[in-house]
There are 2 protein chains.
Amino acid sequence: MRGLTVVTGAGDVLELNKGLLKNNTGYDLRHLFIGSEGTLGIICEAELSLVRGPGHRRVQLLGVPDMSACLEVLRFYRQRFALSAFEFFSDVALAKVREKTGYPLPLSTPAPFYALVEIETEIEGDEAFLEALLQAFETCCGQGWVTDAVLAENISQAQGLWRYREDISETLAKFRPYKQDLSVRVSRLPEFIRDVERVVARHFSNLEVVWYGHIGDGNLHLNILKPKALEADSFMECCHRAGRDIAEVVSAHGGSVSAEHGIGLLKKDWLPYSRSDSEITLMRGIKAMFDPNNIMNPDKIF
Amino acid sequence: MRGLTVVTGAGDVLELNKGLLKNNTGYDLRHLFIGSEGTLGIICEAELSLVRGPGHRRVQLLGVPDMSACLEVLRFYRQRFALSAFEFFSDVALAKVREKTGYPLPLSTPAPFYALVEIETEIEGDEAFLEALLQAFETCCGQGWVTDAVLAENISQAQGLWRYREDISETLAKFRPYKQDLSVRVSRLPEFIRDVERVVARHFSNLEVVWYGHIGDGNLHLNILKPKALEADSFMECCHRAGRDIAEVVSAHGGSVSAEHGIGLLKKDWLPYSRSDSEITLMRGIKAMFDPNNIMNPDKIF
């Protein structure tokens with residue numbers, strides 16, 4: 001984000017950073033506006049840097065026995081390849097997608113978790129790259145981190161593998177799931193998932209929890225599916241109580257209660273689990289400075 | 001910058017972003033501290049992301065007839081290669097460096113400006129890359145953007161070419177130069193240099209202006225060398241008057257009066273040429289919030 005033109009709640013027009021690449025002239029106010037959910041002012045113009053498009057991409061789907069193994073694979077692959085995606089989903093997510101779409105089993109050996117890896121290569125069909133990938137796979141199998149894998153041979157197969165991941169959100173919609181969009185440090189993920197599952201189990205018996213997300217970013221989407229027997233209202237009430245316990249787990253692991261989607265109204269209760277009282281006081285002060293009459297998207301965030 | 005732990009002037013300890021890759025929980029206060037020159041608090045811990053090291057690098061020195069041509073070369077090369085540096089210096093800078101060091105002429109055809117280009121390649125000694133580089137050079141010559149060039153054949157030659165650029169700052173030190181560290185949009189550079197030279201010429205007759213810098217970032221280091229005949233005090237007084245006119249040129253081109261080095265005390269007078277009154281008022285308000293007793297590096301920036 002090279003530059004922003006904003007109108008603050010006080011009516012000032014600010015041209016922030018003016019598209020410069022280097023600028024060290026006091027506080028960088030640009031970043032206050034990014035992710036401020038419209039509470040400081042209105043962004044009228046934004047100037048973005050373009051980056052080089054990705055090179056050739058190869059997509060591989062790996063079956064992994066548990067979350068720790070999944071992270072070992074991430075570490076191992078990251079050291080060797082230019083990863084453009086490292087996504088993850090559980091066997092429950094896969095089963096739901098297959099139920100809805102009729103897609104075939106992706107691997108002959110089922111696994112509790114799957115990692116979808118997309119790797120950039122400079123040269124299409126590069127033999128040295130394929131050799132390195134095969135070696136990486138063999139090492140990961142030898143270590144017990146991977147139980148099975150498939151490598152897309154062409155773009156159509158690559159798109160097919162992506163569908164297992166990309167169809168999850170739509171597939172789950174009919175279950176009216178309770179969703180959380182959480183992040184922690186990547187290294188914390190195994191303990192974090194274990195702790196969240198523990199508190200969720202405390203609130204729901206016979207639950208279906210579906211995990212998927214962007215493991216490479218430490219970002220998990222938690223979905224709790226509504227059991228058919230439970231009324232929607234009782235389910236949401238129960239979820240909200242569980243939500244507080246989940247937020248406590250997030251806090252204990254130094255994580256974020258909203259990785260991608262912001263706080264808005266729905267997550268206001270969880271904000272103090274990711275930001276300290278001092279930070280929230282400072283945020284309120286900043287809000288009051290940029291928007292003294294509280295007219296910019298009032299009551300959001302805090 | 002993934003995370004900062006800071007102590008504010010109010011004594012609050014803030015753990016900002018906690019090393020997360022994705023976090024959308026209100027205002028991102030981290031970026032206020034980056035470049036705040038110690039005026040908001042003390043940074044106690046900083047967590048940085050590591051990036052992949054560069055691949056093999058090839059270094060080329062190009063003679064260019066003027067600044068517009070230099071930018072055409074930048075654009076042309078950027079579209080075709082992964083540039084890790086695109087530096088620039090004037091013939092005056094080269095002459096001073098050669099005078100001090102006795103380095104040979106880098107090119108057989110002298111030029112008013114030189115561009116030092118560093119390009120990353122995946123494979124060492126890649127024939128296809130060298131072919132593409134030769135083609136690019138020929139096209140640039142055909143367009144009149146480049147008059148001569150040399151490509152380093154090995155690391156030692158690459159280091160030799162870099163010396164022409166890296167020795168400039170030390171070489172100029174004995175002239176006790178008046179320095180400015182300016183940036184504008186890359187596309188503005190030719191008009192910007194022309195306008196700055198015009199106002200400098202108004203203040204100094206018989207001046208030596210030395211330009212060099214990071215053209216790829218729009219960042220120029222302007223050095224005005226003290227004429228031997230002029231007393232140091234008179235020179236600096238004259239420079240300060242010229243500085244105001246230069247700041248006005250920066251402002252007219254939407255640039256930064258301090259690209260890399262911050263404002264501190266020396267550049268306080270120039271701050272309003274890069275930041276508006278509203279921005280400075282907001283910055284003062286932020287300072288007052290984080291440091292209500294004005295104990296953190298007082299009187300700096302504004």
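Conventions used here
Residues numbered from 1 in each chain as written. Chains lettered and ligands numbered in written order. Predicted model: local features only at pLDDT ≥ 70, side-chain atom pairs only at ≥ 80, totals over all residues. Heavy atoms only, no water. Pairing = 2+ DSSP bridges. Helix = DSSP H or I, 4+ residues; strand = E, 2+ residues; numbered from the N terminus. Axes fitted to C-alpha atoms, helices over the stretch in contact; angles between N-to-C directions. Contact = heavy atoms within 4.5 Å. Buried area = accessible area lost by both parts, 1.4 Å probe. Polar contact = N/O pair within 3.5 Å; in protein donor to acceptor, adjacent residues only side chain to side chain. Nonpolar A, V, L, I, M, F, W, Y, C, P; charged D, E, K, R; others polar. Salt bridge = Lys/Arg side-chain N within 4 Å of Asp/Glu carboxyl O. Buried < 20%, exposed > 50% of the residue type's maximum accessible area, 1.4 Å probe, protein only. Least-squares fit on C-alpha atoms with pLDDT ≥ 70 in both. Expected span 1.5 Å × (residues − 1).

### Overview of the sheet that holds strand β4 (residues 56-64) of chain B
Residue and element names in this part refer to chain B.
Item 1. One open sheet holds the seven strands; their spatial order is β7-β4-β6-β5-β9-β10-β8, and the pairing between them is antiparallel. Both edges of this open sheet fall to β7 (148-151) and β8 (178-183), since each of them pairs with a single strand only. Neighbour-to-neighbour, the strand axes of this sheet turn through a mean angle of 15°, independent of strand direction.
Item 2. Judged from the four bridges that link them, β4 and β7 form a sheet pairing that is antiparallel. Bridging from a neighbouring strand, Leu61 pairs with Val150 of β7.
Item 3. Running over the sheet, helix α4 (residues 127-142) touches β4, β6 (113-121) and β7 and is turned about 10° from β4.
Item 4. Helix-sheet contacts for helix α8 (residues 232-252) involve β8 and β10 (219-225), and the interaxial angle to β8 is about 10°.

### Re the sheet that holds strand β3 (residues 41-47) of chain A
All names here are of chain A.
Item 1. Strands sit in the order β2-β1-β3 across an open sheet of three strands; the sheet is antiparallel. On the outer flanks of this sheet lie β2 (13-16) and β3, each paired with one strand and no other. Pairs of neighbouring strands in the sheet enclose a mean axial angle of 15°, with direction left out of account.
Item 2. Sheet analysis places strand β1 (residues 3-8) next to β3, joined by six bridges and oriented antiparallel. When the bridges of β3 are listed, Thr5 appears paired with Glu45.

### Notes on the interface of chain B and chain A
Much of the literature gives interface size as the accessible area that the parts lose upon coming together.
Item 1. Taken together, the contacts link 63 residues of chain B with 63 residues of chain A.
Item 2. For the pair chain B and chain A, the summed buried surface comes to about 5,000 Å²; carbon and sulfur atoms form 56% of the total.
Item 3. On the surface where chain B and chain A come into contact, there are 30 residue pairs in polar contact (both at pLDDT 80 or more).
Item 4. Among the elements of the structure, β2 (13-16), α1 (30-33) and α9 (277-290) of chain B are those that each provide at least two residues to the side of chain B that touches chain A.
Item 5. Per-element tally for the side of chain B that touches chain A: the top contributor is α9 of chain B, with nine residues.
Item 6. A per-class count over the side of chain B that touches chain A returns 24 nonpolar, 23 polar and 16 charged.

### Looking at the pattern of salt bridges
Item 1. What the rule picks out here adds up to 33 salt bridges over all chains.
Item 2. When the shortest N-O distance is used, the salt bridge between Asp167 of chain A and Arg163 of chain A registers 2.8 Å.
Item 3. Relative accessible area serves as the criterion here: at 37%, Arg163 of chain A is assigned to the partly exposed category.
Item 4. Its salt-bridge partner being Glu208 of chain B, residue Lys96 of chain B comes within 3.0 Å of it at the nearest N-O pair. On the criterion of sequence distance, the pair formed by Lys96 of chain B in helix α3 (residues 91-101) and Glu208 of chain B in strand β9 (residues 208-214) is long-range, its members being 112 residues apart.
Item 5. A relative accessible area of 34% places Glu208 of chain B in the partly exposed class.
Item 6. Because the salt bridges share partners, they merge into one network encompassing Lys22 of chain A together with Asp217 and Glu260 of chain B.

### Some words on the relation of the copies chain B and chain A
Item 1. By a simple turn and slide, chain B fits onto chain A: the slide is 0.0 Å along the axis, the RMSD is 0.0 Å, and the turn is 180°. One copy is carried onto the other by what is essentially a two-fold rotation axis. For chain B, the smallest separation between a C-alpha atom and the rotation axis is recorded for His31 of chain B, amounting to 3.1 Å.

### Considerations on helix α7 (residues 189-203) of chain A
Item 1. The end-to-end C-alpha separation of α7 of chain A is 21 Å, in line with the 21 Å expected for 15 residues at 1.5 Å each.
Item 2. Among the structural elements, α2 (67-80), β5 (82-90), β8 (178-183), β9 (208-214), β10 (219-225) and α8 (232-252) of chain A are those in contact with the buried residues of α7 of chain A.

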